[in-house]
Amino acid sequence: MGGRKRALLVGINYPGTKAELKGCHNDVDRMHRCLVDRFGFDEEDIRVLSDKDRSRPQPTGANIRRALARLVADARPGDFLFFHYSGHGTRLPAETGQHDDTGYDECIVPSDMNLITDQDFRELVQKVPDGCLFTIVSDSCHSGGLLDSAKEQIGNSTRQNKTQSREPEERPDSGSGSGFRSFLKETVRDVFESEGIRIPHSRHGHSQHGGDDQDEAYEQPSGDGRIKNRSLPLSTLIEMLKEQTGKDDIDVGSIRMTLFNIFGDDASPKIKKFMKVMLGKFHQGQTGEHGGGGGVMGMVGALAQEFLKAKLEGNEEEAFKPALEQEVHSVDEVYAGTKAWAPNNGILISGCQTNQTSADATTPKGVSFGALSNAIQTILADKHGKVTNKDLVMKAREMLSKQGYTQQPGLYCSDEHVHVAFIC
């Protein structure tokens, strides 16, 4: 245990917004105490980003990215790095308009909506030096694929991702928007089922307008306390981006472009690469030319073209500089859910599978927490000796099932790290 131990803890409750949660600050406070008391971290080596105190640096996309980059950049062989995230997760559907781009980008949702994608995490973990271990706990929705391409040791997100691609007639680039409706129906169903609420299939996703009732609090299966989920529906993300920008023309097809427009160089690297590809397609006159969906078509096409035209009226080089500086070798690099080789030094413990939601629970006494975060603290408190990554996830699964939750935590890492002690 000779290496330095360093951590970044992020807890976002989104106070005063439609996305408001209750338990994320408490999750971070408890993990902070646990790192010091159980794992021997020094206070000076723990960085906390939370929206609890507005006078302190906020957990924006740029601040989280910078803190993570600093955590990794300073790492040396033998060090132990830890990142805990409690907050919303979301899934962005494909927006290139290419017929074979049918996946989702899994993202965490910073306080300013400047999304951080699964591929961003993969690229970050790739920079971790050999002999240094980076453990990530994500108590958020759809977090089963967050560490893009990591080997799935416990869970079934990889299998689900392979079977969840939309049929060709349900692409989001089709004029009917049926792909968007399909995505919403799936999300609504997942929300109910992950909270243990069983409803007939005929009722799943009956709303075609974004499933706003996902934001409501639901009774726990036992009837004790209240529960929300940590999934930010696309409809709510779009609504919050509209409020932020004052624009009403944001929809599936222009979400990534909107994020680039708002955040520029602070946007996700994958979103900047996406913009470079779309700009190239626009200039080459490919947009909408291919009848089979090879270009940006229908709803997606109109939004994309209007956005690009508006941006091109100004100084193109200046407006698109953060995108143009990106290195992109092929179009499929920016496809939603693109997978590459698995990082060796990263360990992800997720709150649920990619198609599930994680619970944000409040007890009858008013104590709020994330279901996974609470399970981790309970398990560690009950066992003073070594707890391996596998032990922790299996015990968390068993505990959450007994408590009536249907979310299933997952473990994603290389074979050699399955039986390594949690964190250090």
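Further up the page is the structure itself.
The text that follows walks through the structure, step by step, so that each part is easy to find.

Parameters at a glance
Residues numbered from 1 in each chain as written. Predicted model: local features only at pLDDT ≥ 70, side-chain atom pairs only at ≥ 80, totals over all residues. Heavy atoms only, no water. Helix = DSSP H or I, 4+ residues; strand = E, 2+ residues; numbered from the N terminus. Contact = heavy atoms within 4.5 Å. Patch = residues over 30% accessible without salt bridge, like charges linked within 9 Å, V, L, I, M, F, W, Y side chains within 5 Å. Areas by Shrake-Rupley, 256 points an atom, 1.4 Å probe, with all protein chains shown as cover. Salt bridge = Lys/Arg side-chain N within 4 Å of Asp/Glu carboxyl O. Lys, Arg positive; Asp, Glu negative; His and termini not counted. Charge placed at Lys NZ, Arg CZ, Asp CG, Glu CD. Buried < 20%, exposed > 50% of the residue type's maximum accessible area, 1.4 Å probe, protein only. Phe/Tyr/Trp six-rings, centres within 6.5 Å; stacked < 30°, edge-to-face > 60°. Lys NZ or Arg CZ within 6 Å of the ring centre and 35° of its normal. Pairing = 2+ DSSP bridges. Expected span 1.5 Å × (residues − 1). Arc of directions from axis to C-beta.

**Brief notes about the environment of Q153**
The residue Q153 is located in strand 8 (residues 152-154) in this model. Between the alpha carbons of Q153 and Y412 there is a distance of 5.5 Å; along the sequence they are 259 residues apart. Look past the residues within four positions of Q153 in its chain and what remains in contact with it is L411, Y412, C413, S414, D415 and V418.

**Focus on a positive patch on the surface**
A grouping of R47, R56, R66 and R70 is seen on the molecular surface, where their side chains present a positively charged patch. Following the sequence through the fold, R47 ends up in strand 2 (residues 46-50). Overall, the relative accessible area of 32% leaves R47 in the partly exposed class.

**Focus: the packing of aromatic side chains**
Summed over all chains, the structure comprises four aromatic pairs. Summarising the aromatic geometry, the rings of F260 and F320 are spaced 6.1 Å apart at their centres and angled 15° between planes, so their arrangement reads as stacked. Linking F260 in helix 7 (residues 255-263) with F320 in the loop between helix 10 (316-319) and helix 11 (321-324), this pair joins segments that are 60 residues apart in sequence. Comparing F260 with F320 shows no difference in burial state: the two are buried. Grouping aromatic residues by their ring pairs yields a cluster made of F39, F82 and F422. Residue placement shows R91 over the ring face of Y104; its charged tip is 4.2 Å from the ring centre.

**Observations regarding the pattern of salt bridges**
In total, this model carries 15 salt bridges according to the counting rule given. R6 is the partner of D74 in a salt bridge, and the nearest nitrogen-oxygen pair spans 3.5 Å. Placement of D74 in the loop between helix 2 (61-73) and strand 3 (80-86) and of R6 in strand 1 (residues 5-11) is noted, with a sequence separation of 68 residues between them. D74 sits in the partly exposed class, given a relative accessible area of 36%. A salt bridge links R230 to D27; the shortest N-O distance between them is 3.0 Å. Here R230, found in the loop between strand 10 (226-229) and helix 6 (234-245), pairs with D27, found in helix 1 (residues 24-37); they are 203 residues apart in sequence, far enough to count as distant. Classification of R230 by relative accessible area gives buried; the value is 0%. Connected through salt bridges with shared partners, the residues D27, D139, R230 and D360 form a single ionic network.

**A short note on the sheet that holds strand 4 (residues 89-93)**
Spatial ordering of the open sheet is given by 4-5-6, a layout of three strands whose pairing is antiparallel. The sheet is open, and its two edges are formed by strand 4 and strand 6 (116-117), each paired on a single side. Bridge count between strand 5 (residues 104-108) and strand 6: two bridges; the pairing is antiparallel. Of the residues in strand 6, the one forming a bridge with I108 is I116.

**Quick word on helix 13 (residues 389-402)**
Each α-helix turn comprises 3.6 residues. Residues three or four places apart therefore point the same way. Taking 1.5 Å per residue, 14 residues should reach 20 Å; helix 13 reaches 20 Å between its end C-alpha atoms and fits that length. Turning to helix 13, its buried residues are N389, L392, V393, A396, M399 and L400. Buried residues of helix 13, seen end-on, are gathered within an arc of 130° and therefore sit on one face of the element. Those residues of helix 13 that are exposed and aimed more than 90 degrees away from the buried face are S401 and K402. Of the residues trailing helix 13, G404 is marked for its positive phi of about 100°.

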